[in-house]
Amino acid sequence: MSLLDELTNSGATQLYIGGEWREASDGNRIDVLDPSTADSLATVASGAEDDAKAAVDAAAEAQESWAATAPRERAEILMRAFNLMIERKDTLAELVVQEMGKALGEAAGEVAYAAEFYRWYAGEAVRNLGSISTAPGGDKRIIAIHQPVGPSLLITPWNFPLAMATRKIGPAIAAGCTMILKPASDTPLSALALGRLMAEAGLPDGVLNILPSNRSSKVVPIILGDDRIRMVSFTGSTEVGRTLLGEAAKTVVKTAMELGGNAPFIVCEDADIEASIEGAMIAKIRNGGQSCIAANRFLVHEAVADEFTRQLTEAMKGLKVGPGLEEGVELGPLINQRAQDDMAESVEVAVGNGSQVSTGGGTGRSPGFFFEPTVLTGVAPDNPVLGREIFGPIAPVTTFASDDDAVALANDTIYGLASYVYSGDLARAMRISEAIEYGMVGINRGLISDPAAPFGGVKQSGVGREGAHDGLLEFLETKYIAADW
Ligand code: NAD
C-alpha cells in the first residue's frame, strides 16, 4: 500500500491536535493536486479559527511536562525518528513527488536531508550549555542558562515539504518546546506523514500539533495573538514574512524568518568552466529551480560569457522533463498554475526588455504545470527580470568586466540569502565572498545546504539561522542568574 493510501485509510489526512486526528471544526477540506497532471490527489482537513485555538491549548498544555523531560529522552526520540525516516525513505519520497512534483531521485535526497536534521539535533539536544563567570567587579557570579522559549508556531513552504518541517521540528524538540506546525496548503500530506511517524518514534501527545489550513491569514493571527505562543519560525516569501513580523510585533513574539532570495552565481574568467556548469546546473535545477537558494542571476565575466552560455544552454537542453515518478526524469513540473504563469511572465519581462531566449521559453508538456528549461542571454543589468525571485527553471545570464562590477551587481537587490562564486584563485573568491552581502556563499560548488551549517539570510532574506548549533539557540531563551555564595 502506498503511504498516501495509508494516510487516507488511517484518518491521517485530518488535523493532528493533542495526539488526535480530527476533522476541521467547520468540515472544510483542502484539495491537494498532483502537479504533474493537475488532477486531485487527496483532500486534507483545513483548520479554522476554532481549530487554531484548540491547537494552541494542546501545545500550551503539553509545554511544562515536555520541557521537564531529560535531554537524553528527547535526543532518543529524534534518533528513532531519524531511523524511521531512513527505513521508509522510498514511501516518503514517493509521497513528496506525488504532492510536490520533484523528480524521484531528488525526493529521496530530500528525505535523507530532512532526516539528517533529526540526527543533528539528537546530538544538539544534549549540548544545551550555559556559562558561569565571576562579575568584573568581583561582587557576584554571573550564571547564564538556556531554557525553552515555549510553545512555538512553525510555518513551512511547499518546496521542501519534509526538510523545511524537520529543520524546525528537530531543534524545537531538542530545546524542549511544544509546537504547532502549519504546512503549506499545496503540500500538507508530507507534514501529516511526519506527524504519524513522530508519534511512532515516541513523541508525547500535544508536543507536535499539525494544522493544515488554506485560511492562513485567519488562523495564524489567532495563534500569534495568543500570549501563550512565544515563538514563530517561518520559512516562505519575504512578502508573507513582513506580514508575520507585523503580527508578531503585537505580542512581541520571538521570530526566526527564512525568507526569499535572489542568488547571484558569479563566474570569474579564471574559473574552471566545466565545473562551473556542473555547479550551475545544481544551483539552478535542483528542485526545479524552486528553491530559496536557487541561482537566480548568472553573472559571468565577459571574457568567458559566450563559452559559459553555450555550455549552459546545451546542459539545459539535455534535461529530461516529465512527471517526477517517471524513470530518468530530471526536471518535474512546477508546483501550481500560478508558478507556471509566473515563469511565462518572467520570460516576457526579460524579452520585453531586450534579452534573448537561447533555449526553452515555453510551457512545453501538458497536462501538468511544466515549464521548459530556459536560458536568457543578453540580460542587461537593469533588466527588471533580475529583480524577480524566479523560482523555476529559468537562467538569465548577465556579464561583468571587473570584480568590483560583479560585487556591485550581486549586491543590487533587497535580498541576501545564498550566493555562489567560481574562480580558480581562492584568495580572489574569498575577497568576493567577504564583499558580497549574503548569509551564505558557495565557493566553487553549487550545493551548500547542510544540517550542520548555519543556514539563513541577511537584508530582506531573513532574521536568524536554521541548522547548526545556531538553530537550537533560536528555540531557547537565555536566563541570567546573579548569585552570591
Ligand atoms: P509563501 O510565503 O507563500 O508561504 C509560506 C507559508 O506561509 C505557507 O505555509 C503559507 O500557507 C503561509 N502563508 C501564506 N500567507 C500567509 C499569511 N497571510 N499569514 C500566515 N501564513 C501565510 O511561500 P511559498 O510560496 O510557500 O514558498 C516560496 C517562498 O519561500 C520563496 O520566496 C522562497 O524563497 C521561500 N523559501 C525560503 C527558504 C529559506 O530558508 N530562506 C526556504 C524555502 C523557501
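Residues numbered from 1 in each chain as written. Predicted model: local features only at pLDDT ≥ 70, side-chain atom pairs only at ≥ 80, totals over all residues. Heavy atoms only, no water.

Asker: Sorry if this is basic, but what is going on with the site of the ligand here?
Answerer: As a matter of local geometry, the ligand sits amid 28 residues, with T156, R167, S237, L259 and E389 nearest to it. Within the contact set of the ligand, an oxygen atom lies 2.8 Å away from a side-chain nitrogen or oxygen of W158. The side chain of S237 places a nitrogen or oxygen atom 2.6 Å from an oxygen atom of the ligand. Element by element, the count of residues in the shell around the ligand is highest for helix α8 (residues 216–224), at three residues. Grouping the amino acids of the shell around the ligand by side-chain chemistry returns 15 nonpolar, nine polar and four charged. Counting residues domain by domain, the shell around the ligand receives three or more from each of domain 1 (3–259 + 461–483) and domain 2 (263–450). (Near = heavy atom within 4 Å. Polar contact = N/O pair within 3.5 Å; in protein donor to acceptor, adjacent residues only side chain to side chain. Helix = DSSP H or I, 4+ residues; strand = E, 2+ residues; numbered from the N terminus. Nonpolar A, V, L, I, M, F, W, Y, C, P; charged D, E, K, R; others polar. Domains from an automatic or database assignment.)

Asker: Sorry, what's going on with the packing of aromatic side chains here?
Answerer: Centre distance and the angle of the planes are the two values used to describe a pair of aromatic rings. As enumerated under the stated definition, the model contains seven aromatic pairs in all. Pairing F265 with F298 gives two aromatic rings, centres 5.1 Å apart and planes at 50 degrees, and the pair type is tilted. Taken together, the residues F265 in strand β12 (residues 263–267) and F298 in strand β13 (residues 295–301) connect sequence positions 33 residues apart. When its relative accessible area of 0% is taken as the criterion, F298 is described as buried. Aromatic side chains F265 and Y422 sit 5.1 Å apart centroid to centroid with 25 degrees between the ring planes, which places their arrangement in the stacked category. (Phe/Tyr/Trp six-rings, centres within 6.5 Å; stacked < 30°, edge-to-face > 60°. Buried < 20%, exposed > 50% of the residue type's maximum accessible area, 1.4 Å probe, protein only.)

Asker: Honestly, the nonpolar core in this entry has me stumped. Any pointers?
Answerer: In summary, soluble globular proteins display a tendency toward joint burial of nonpolar side chains. Counting residues in hydrophobic clusters, the biggest one holds 83 residues, and the most contacted among them are M85, Y118 and I169. In terms of residue count, the dominant contributor to this core is helix α5 (residues 104–125) (10 residues). Three or more residues apiece are contributed to this core by two domains, here domain 1 (3–259 + 461–483) and domain 2 (263–450). Setting aside chain neighbours within four positions, we find M85 in contact with L92, V111, A114, A115, Y118, L162, T166, L194 and L197. Within the second largest apolar cluster, 32 residues are counted, among which are A271, M281, V300 and L312. (Core = buried A, V, L, I, M, F, W, Y, C linked by side-chain atoms within 4.5 Å. Contact = heavy atoms within 4.5 Å.)

Asker: Is there a simple way to think about unusual backbone geometry in this case?
Answerer: Look at the link from S366 to P367: it is a cis peptide, with omega at 0 degrees. One non-glycine residue with positive phi stands out, namely A38, at about 70 degrees. Topologically, A38 is positioned in the loop between β3 (29–34) and β4 (39–45). A positive phi angle, close to 50 degrees, is found at K459, a residue other than glycine. Among the structural elements, K459 can be located in the loop between β18 (440–443) and β19 (462–463). K459 sits in the partly exposed class, given a relative accessible area of 36%.

Asker: Is there a simple way to think about the pattern of salt bridges in this case?
Answerer: Any two side chains of opposite charge can pair, given that their charged atoms come close. Summed over all chains, the structure comprises 20 salt bridges. Its salt-bridge partner being R127, residue E124 comes within 3.4 Å of it at the nearest N-O pair. Of the residues examined, E124 reaches a relative accessible area of 4% and is grouped as buried. Linked by salt bridges that have partners in common, E269, D270, D403 and R428 make up one network. (Salt bridge = Lys/Arg side-chain N within 4 Å of Asp/Glu carboxyl O.)

Asker: Honestly, the domain arrangement of the protein chain in this entry has me stumped. Any pointers?
Answerer: Much of the literature gives interface size as the accessible area that the parts lose upon coming together. Once the domains are mapped, the protein chain shows domain 1 (3–259 + 461–483) and domain 2 (263–450). Each of domain 1 and domain 2 was reduced to a C-alpha centroid, and the two centroids are 31 Å apart. Taken together, the contacts link 27 residues of domain 1 with 28 residues of domain 2. Summed over both sides, the interface between domain 1 and domain 2 buries roughly 2,200 Å², with carbon and sulfur atoms accounting for 60% of that surface. The tally of links between domain 1 and domain 2 comes to zero salt bridges. Run the count over domain 1 and domain 2 and you get nine residue pairs in polar contact (both at pLDDT 80 or more). If you list the elements that add at least two residues to the side of domain 1 that touches domain 2, you get α4 (89–100), α5 and α9 (238–251). In terms of residue class, the side of domain 1 that touches domain 2 is made up of 11 nonpolar, eight polar and eight charged. (Buried area = accessible area lost by both parts, 1.4 Å probe.)

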